[in-house]
Amino acid sequence: MNIPFLDLSAAYRELQPEIDKAVARSLASGHYIGGPEVAAFEDEFATYCGATQAVGVANGLDALHLALRAMDVGPGDEVIVPSHTYIATWLAVSQCGATPVPVEPDARTYNMDPNRIEEVITSRTKVILPVHLYGQPANMDPILVIARKHGLRVLEDGAQAHGARYKGKRLGAHGDVVAWSFYPGKNLGAMGDGGAITTNNVELAERIRVLRNYGSRVKYTNDVQGYNSRLDPLQAAILRVKLAHLDEWNARRSTMAAHYQKGLVDSGLILPFVTDGVDPAWHLYVVQSPQRDALLKKMGETGIGVLIHYPIPPHLQRAYTSAGYSKGQFPIAEKIANQCLSLPIGPHLSAAGVAAVLAACKTAI
Ligand SMILES: *Cc1c(COP(=O)(O)O)cnc(C)c1O
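Please read all numbers here as calculations on a predicted model, not as lab measurements.

A. Structural context of helix α4 (residues 88-95). All of the buried residues along α4 are A88, T89, W90, A92 and V93. Looking at the buried residues of α4, the elements they touch are α3 (60-70), β2 (78-82), β3 (99-103) and β5 (153-157).

Dropping the structure here:
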């Protein structure tokens, strides 16, 4: 049995009539930048996230970058980021000319450990940037308490967590701004690139609206040196269709995760740990094993699509050589990178597929 890590064409097949209709409507509208589809998606996504404002942008990295710019992050500033994350979180900070300051994760949840934040705060710290990694909400309450105490902003990287809840409330406006990616493989994925920010802060939202459009509020009048980072109307039309199915598709992921949790309980693998009070979006189902590389190889040979998120932590990437980090400096992130393995999960994985993954895991270990 061949099980792909994620079947994106199956997602299209399920919604094909609706998506084709939305694309045709968008093409016929004559609006190829901005326009009604983008505005409607922004409204619907803000409402879904429990935020008053949503601003569509070109991708998730830009959402992070423009949010930091709107918070006036620039050269000399420091932004606290997780040591264990996708590199985009760090790159957004570096693109502002600011310095990413890593904090190790809680080894069980993989998310930024609030107990380690205060020790790295300096007079240059401006923003705390937690990531809701793998779809599990970061521990927001203590992070917000620390931010308030030190006068810092909080930008959340929600790229992997559309629809996840923290203490009953959907992610979208716990911190000052949430940055979202609609990369095709995300829980809410476009059929190309896309991104957005959500917030309850009208002023920050307005700044991001200006920054995404050449720094212009009125055509041919430029208030700041902005960017071209707009959400494509075709993608907005597709995202409107997919948003209406997000909760149902997340529920399927959740059922799969429950099967994995139960089926692998005695496997010897380290399984995802879900803290009280959060409802993860189960973007990824990540296990750990000291024999990860052997497991990866055997699963591959059985035809099971498995991946590593992520094999090299940002501080050890060549892209950050100039920052002068060394091996062993962030041991928790490095250990996760060496031991983690993501099993297939997604709204179009069948029950037979889940059973095949479980069987393959048990023979491989
Ligand atoms: C996907 C992702 C991003 C970047 O999103 P793009 O749309 O690909 O630019 C940022 N942060 C995290 C944690 C991601 O998973």
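B. Local environment of the packing of aromatic side chains. Inspection of every chain in the model, using the stated rule, returns 11 aromatic pairs. Taking the centre distance of 5.4 Å and the plane angle of 80° together, the rings of F45 and F182 count as edge-to-face. In this pair, F45 is assigned in helix α2 (residues 36-49) and F182 in the loop between β8 (177-181) and β9 (195-199), connecting sequence segments 137 residues apart. Judged by relative accessible area, which is 0%, F182 ranks as buried.

C. Up close: the pairing of strand β4 (residues 125-128). Where β2 meets β4, three bridges bridge the pair, whose relative direction is parallel. Across the sheet, residue I80 finds its bridge partner in β4, namely I128. For β4 and β5, the ladder comprises two bridges, and the chain directions are parallel. By the bridge assignment for β5, V127 is matched with R153. You can see the chain leave β4, run along helix α5 (residues 140-150) and come back into β5, and the turn it takes is right-handed.

D. Looking closely at the site of the ligand. Neighbouring the ligand are the residues N59, G60, L61, Y86, A88, V131, D157, A159, Q160, S181, Y183 and K186. One of the side-chain nitrogen or oxygen atoms of Q160 is found 2.8 Å away from an oxygen atom of the ligand. A class-by-class count of the residues in the shell around the ligand yields six nonpolar, four polar and two charged.

E. Region of interest: unusual backbone geometry. A cis geometry characterises the amide bond from H309 onward to Y310, with omega recorded as 10°. Positionally, Y310 belongs in the loop between α9 (292-302) and α10 (331-339). Unlike most non-glycine residues, Y134 shows phi in positive territory, near 65°. Within the element layout of this structure, Y134 appears in the loop between β4 and α5. Y134 sits in the buried class, given a relative accessible area of 6%. Residue K167 is not a glycine yet carries a positive backbone phi of 50°. Relative to the assigned elements, K167 resides in the loop between β6 (165-166) and β7 (169-170). For K167, a relative accessible area of 53% gives the class exposed.

F. Focus on the sheet that holds β7. Strands sit in the order β7-β6-β12 across an open sheet of three strands; the sheet is antiparallel. A single partner strand is all that each edge strand has here, and the edge strands are β7 and β12 (278-279). Bridge analysis of β6 against β7 gives two bridges, and the strand direction is antiparallel. Looking at β7, one finds that Y166 is bridged to K169.

G. Seen up close, the environment of V210. For V210, the location among the structural elements is in helix α6 (residues 202-212). Under the relative-accessibility criterion, V210 is labelled buried at 5%. Put simply, V210 and N228 are 18 residues apart on the chain and 10.0 Å apart in space, counted from C-alpha to C-alpha. The residues touching V210, leaving out its near neighbours within four places in the chain, are G215, S216, R217 and V224.

H. The side chain of H283, seen in detail. Among the structural elements, H283 can be located in the loop between β12 and β13 (285-288). Exposure remark for H283: the relative accessible area of 9% places this residue in the buried category. Excluding residues that lie within four positions of it along the chain, H283 makes contacts with Y134, G135, Q160, G185, K186, N187, R253 and I345.

I. Structural context of the environment of N338. One can find N338 in helix α10. Spatially, the C-alpha atom of N338 lies 43 Å from that of G215, the residues being 123 residues apart in sequence.

J. Local environment of the sheet that holds β4. With respect to topology, seven strands assemble into an open sheet ordered β1-β9-β8-β5-β4-β2-β3, the strand pairing being mixed. Strands at the two margins of the open sheet, each flanked by one partner only, are β1 (53-57) and β3. Sheet twist, expressed as the mean angle between neighbouring strand axes with direction ignored, is 25°. Contacting β1, β2, β4, β5, β8 and β9, α3 runs over the sheet at an angle of about 160° to β8. On top of the sheet, α4 reaches β2, β3 and β5; it is set at about 175° to β2, its chief contact.

Cut-offs applied
Residues numbered from 1 in each chain as written. Predicted model: local features only at pLDDT ≥ 70, side-chain atom pairs only at ≥ 80, totals over all residues. Heavy atoms only, no water. Buried < 20%, exposed > 50% of the residue type's maximum accessible area, 1.4 Å probe, protein only. Helix = DSSP H or I, 4+ residues; strand = E, 2+ residues; numbered from the N terminus. Contact = heavy atoms within 4.5 Å. Phe/Tyr/Trp six-rings, centres within 6.5 Å; stacked < 30°, edge-to-face > 60°. Pairing = 2+ DSSP bridges. Right-handed = clockwise from strand over helix to strand, strands pointing away. Near = heavy atom within 4 Å. Polar contact = N/O pair within 3.5 Å; in protein donor to acceptor, adjacent residues only side chain to side chain. Nonpolar A, V, L, I, M, F, W, Y, C, P; charged D, E, K, R; others polar. Axes fitted to C-alpha atoms, helices over the stretch in contact; angles between N-to-C directions.

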